[in-house]
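Working through the structure, step by step
Residue-level listing of the chains:
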Protein chains: 2
Amino acid sequence: MDGPTSRKPVILITGASGFTGSHACRYFAEQDMQVAAVVRNLPAEAAPDGIRYYECDLLDKTKLRELIQTVAPDFALHLGGKNSVPESWENPLMYLETNVLPTIYLLDSLRSFPSCRIVIAGSMLVSPLTPPFQPPHPYNLSKSLQKAAALSWAGLFGQNVILAEPSNLIGPGPSTGFCALLARHIAAYELEGKIETFKVSSRTALRDFLDVRDAVKAYDLLLKKGTPGQTVRVTSGTSHTLEEIVATMMSIAGSMAPLEWGKEEGAFAPLAVQPCEPLAALGWKPEIPLETSLRDVLEYCRLQKGGRT
Amino acid sequence: MDGPTSRKPVILITGASGFTGSHACRYFAEQDMQVAAVVRNLPAEAAPDGIRYYECDLLDKTKLRELIQTVAPDFALHLGGKNSVPESWENPLMYLETNVLPTIYLLDSLRSFPSCRIVIAGSMLVSPLTPPFQPPHPYNLSKSLQKAAALSWAGLFGQNVILAEPSNLIGPGPSTGFCALLARHIAAYELEGKIETFKVSSRTALRDFLDVRDAVKAYDLLLKKGTPGQTVRVTSGTSHTLEEIVATMMSIAGSMAPLEWGKEEGAFAPLAVQPCEPLAALGWKPEIPLETSLRDVLEYCRLQKGGRT
């Protein structure tokens, strides 16, 4: 029988079938960790080596608690949640429930494993929960409450929680972010000569894009060496206008899919680029160039399109 | 048939069978309003004139939504929730769920009634939800999140929400506060010569006590004339030491039930008395003297004890 010393470290990953989650599962399995991948629906294909899937709706606190007792994780990476601003206006209650409750259910269940080190993926789109209490949209409110609840809970019960605030993560996989939508549009145009135009909200809006694979490495460092109680931005440290992104992607694609630019209304204030000091101190820096990320996004979308149609 | 103009204004009251809730139901029924009293379990006795009971667990969002559609309230007073600090350590998750979720379920359902004016009973025991995120206990965290969620939600959807922060409410009825526990101890001693001692944490701890009937009048004013978005403390404006309370209650009772005083550890920092400017501006001031409140608490406990044993 294996004694505890020969046991591989176990990492629980929620949102495991999502964009970041699927990268994280592969990455940690390759790091020789045992990955307990929590998914809403079991995938059709067999789990890769080192990954075991657990079917659980994160709002089912009883099932989640049982699962965590079974898994006995050494690390937990909470990626589950919803992240569409427009959808949050359509169903604000669902956003509050989905982004706040599983975080608390997870932390409550992990009180049985006090040495478990936990990283929660928050968002840069948060507001201070102080008067006059004006988050701009329900998604922001849900992530602001998630942050306050998680860090306060960790303080009350002495749990090792770090809140990671990623910027716009890009790369191959099932993303619904701007770069993925643009690449899908280009791939559809290439394949079908589709003439529907793609609307880009602004030429000048500045965004920080980070490859999802660099983000997962940052989560790994935070899980192993981060300072509990900290909020750590996970960003590339460089901003690009949407116009630059479009130009780079079109140049990689070698095509000119039709686009429509939104009227500049100054509504898209640039997110100030924040340096990632705590991550830099741990030896992390983004390694994948923007061009590589965009190329990989486009390749992924071309393959998806080719496979689907 | 009654037209809409002849309809009495409808007030929805949650936590209606609780200490403040039972006073509020009577008060608003006497104000010639139709009271929709939400209770977890229907009472055995028939509802008094002007009050109609609705059985609903406030965590059952579907039932709550249906109830609110039926009732179509003009006003809503949310008193439901849990308020024991020690119990919140035993079941922190229940406290977070019970104090935060019904508030959001209520507000979400009331979006169908945009002119509804809403008062939510918060607590003076709240902390700012800002770094380093250190609420002293899960009850405080639950009420801090409730406040942030309610006022932020109101801001997002333009709902008329006022957060009332009552001090220690006292008066006849099923309270579990200090004065009620002390009065029960005295009543038990009178009836049974019970010699079990009652522990008072501190002689010098300062607390603000307000008669629950004065608080209900304040809620009435806030519902009708308060400024949406505001947080309003509902306090007597006068602090008393626990020793003063004990001495007054003993003097009213004319008995000396055995007491034990806790060691002064400076752990009970006085809650700074906050003036109630917004309420004073609306013409409110506390009317019931402390002695009357304490006398009524004692009378209530004597009757309860007499009836029970």
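For the structure, check the block above.
Here's what I pulled together on the structure shown here. (Residues numbered from 1 in each chain as written. Chains lettered and ligands numbered in written order. Predicted model: local features only at pLDDT ≥ 70, side-chain atom pairs only at ≥ 80, totals over all residues. Heavy atoms only, no water.)

**Things to note about empty space enclosed by the protein**
A full pass over the atoms with the stated rule returns one cavity of 30 Å³ or more. Taken as a whole, the largest cavity holds about 170 Å³ of empty space. Around the largest cavity, the lining is made up of 13 residues, and of these Val-100 and Leu-101 of chain A together with Leu-96, Val-100 and Leu-101 of chain B lie nearest the centre. Listing elements by their share of the lining of the largest cavity, those giving two or more residues are α4 (92-110) of chain A together with α4 (92-110) and α5 (138-157) of chain B. (1 Å grid on protein atoms, 1.4 Å probe; cavity = no way out; pocket = protein on both sides within 12 Å on 5 of 7 lines; lining within 4 Å. Points joined across faces, edges and corners; volume = space filled by probe spheres on them. Helix = DSSP H or I, 4+ residues; strand = E, 2+ residues; numbered from the N terminus.)

**Observations concerning the sheet that holds strand β2 (residues 34-39) of chain B**
Residue and element names in this part refer to chain B. Read from one edge to the other, the open sheet built from seven strands follows the order β3-β2-β1-β4-β5-β6-β10, with strand pairing classed as parallel. Only two strands of the sheet have a single neighbouring strand rather than two, namely β3 (51-55) and β10 (231-234). Strand-to-strand twist across the sheet, computed as the mean angle between neighbouring axes with direction ignored, equals 20 degrees. Here β2 runs beside β3; their pairing, made up of five bridges, is parallel. What sits directly across from Ala-37, in β3, is Tyr-53. Contacting β4 (75-78), β5 (117-121), β6 (160-166) and β10, α5 runs over the sheet at an angle of about 160 degrees to β6. (Pairing = 2+ DSSP bridges. Axes fitted to C-alpha atoms, helices over the stretch in contact; angles between N-to-C directions. Contact = heavy atoms within 4.5 Å.)

**Comments concerning the pattern of salt bridges**
Per the counting criterion, the structure on display carries 30 salt bridges over all chains. Between Lys-224 of chain B and Asp-220 of chain B there is a salt bridge whose closest N-O contact spans 2.8 Å. One end of the pair, Lys-224 of chain B, and the other, Asp-220 of chain B, are both in helix α7 (residues 212-225), four residues apart, so they sit about a helical turn from each other. On the basis of relative accessible area, Asp-220 of chain B is assigned to the buried category, the value being 7%. Between Glu-299 of chain B and Arg-302 of chain B there is a salt bridge, and its shortest N-O distance comes to 3.1 Å. Taken together, the residues Glu-299 of chain B and Arg-302 of chain B, both in helix α10 (residues 290-308) and three residues apart, mark about one turn of the helix. Residue Arg-302 of chain B is classed as partly exposed on the basis of its relative accessible area of 27%. One continuous salt-bridge network, built from bridges that share partners, spans Arg-65, Asp-108 and Arg-111 of chain A. (Salt bridge = Lys/Arg side-chain N within 4 Å of Asp/Glu carboxyl O. Buried < 20%, exposed > 50% of the residue type's maximum accessible area, 1.4 Å probe, protein only.)

**Thoughts on the relation of the copies chain B and chain A**
If you rotate chain B by 180 degrees and push it 0.0 Å along the axis, it lands on chain A with an RMSD of 0.0 Å. Interpreted geometrically, this transformation is the action of a two-fold axis. Residue Leu-129 of chain B of chain B places its C-alpha closer to the rotation axis than any other residue of that unit, at 3.0 Å. A high fraction, 100%, of the interface residues of chain B reappear at the interface in chain A, so the copies pair face to face through one surface. (Least-squares fit on C-alpha atoms with pLDDT ≥ 70 in both.)

**Observations concerning the interface of chain B and chain A**
On the side of chain A, 29 residues touch chain B, which itself brings 29 residues to the contact. Where chain B abuts chain A, roughly 2,500 Å² becomes buried across the two surfaces, and 78% of that area is made up of carbon and sulfur atoms. Three residues, Leu-93, Phe-133 and Leu-156 of chain B, lead the burial of chain B against chain A; their summed loss comes to 25% of the area buried on that side. For the pair chain B and chain A, the interface holds two salt bridges. The partner of Glu-97 of chain A in a salt bridge is Lys-61 of chain B, and the shortest N-O contact between them spans 2.8 Å. Counting across the interface, chain B meets chain A through four residue pairs in polar contact (both at pLDDT 80 or more). Of all the elements in the fold, those that place two or more residues in the side of chain B that touches chain A are α2 (61-71), α4 and α5 of chain B. When residues in the side of chain B that touches chain A are grouped by element, the largest group, 11 residues, is from α5 of chain B. The residue makeup of the side of chain B that touches chain A, split by class, is 20 nonpolar, three polar and six charged. (Buried area = accessible area lost by both parts, 1.4 Å probe. Polar contact = N/O pair within 3.5 Å; in protein donor to acceptor, adjacent residues only side chain to side chain. Nonpolar A, V, L, I, M, F, W, Y, C, P; charged D, E, K, R; others polar.)

**Examining the sheet that holds strand β2 (residues 34-39) of chain A**
All names here are of chain A. Spatially, β3-β2-β1-β4-β5-β6-β10 is the arrangement adopted by the seven strands of the open sheet, whose pairing is parallel. Of all strands in the sheet, those bounded by a partner on one side alone are β3 (51-55) and β10 (231-234). Going across the sheet, the axis of each strand differs from the next one's by a mean of 20 degrees, ignoring polarity. Sheet topology note: the strand β1 (residues 10-14)/β2 ladder contains four bridges and is parallel. Note on β2: the bridge partner recorded for Val-10 is Gln-34.

**Let's talk about the side chain of Asn-99 of chain B**
All names here are of chain B. Here Asn-99 is to be found in helix α4. Judged by relative accessible area, which is 0%, Asn-99 ranks as buried. Leave out the neighbours within four places in its chain, and Asn-99 touches Gly-81, Lys-82, Tyr-139, Ser-142, Lys-143 and Gln-146.

**Considerations on α4 of chain B**
Helix length check: α4 of chain B (19 residues) gives 27 Å between terminal C-alpha atoms against 27 Å at 1.5 Å per residue, within 8%. In terms of residue burial, α4 of chain B counts as a mostly covered element, since 18 of its 19 residues are buried. (Expected span 1.5 Å × (residues − 1).)

**Focus: the pairing of β2 of chain A**
With five of six residues buried, β2 of chain A lies mostly within the body of the structure. With helix α1 (residues 19-30) of chain A bridging β1 of chain A and its parallel neighbour β2 of chain A, the resulting β-α-β unit is right-handed. (Right-handed = clockwise from strand over helix to strand, strands pointing away.)

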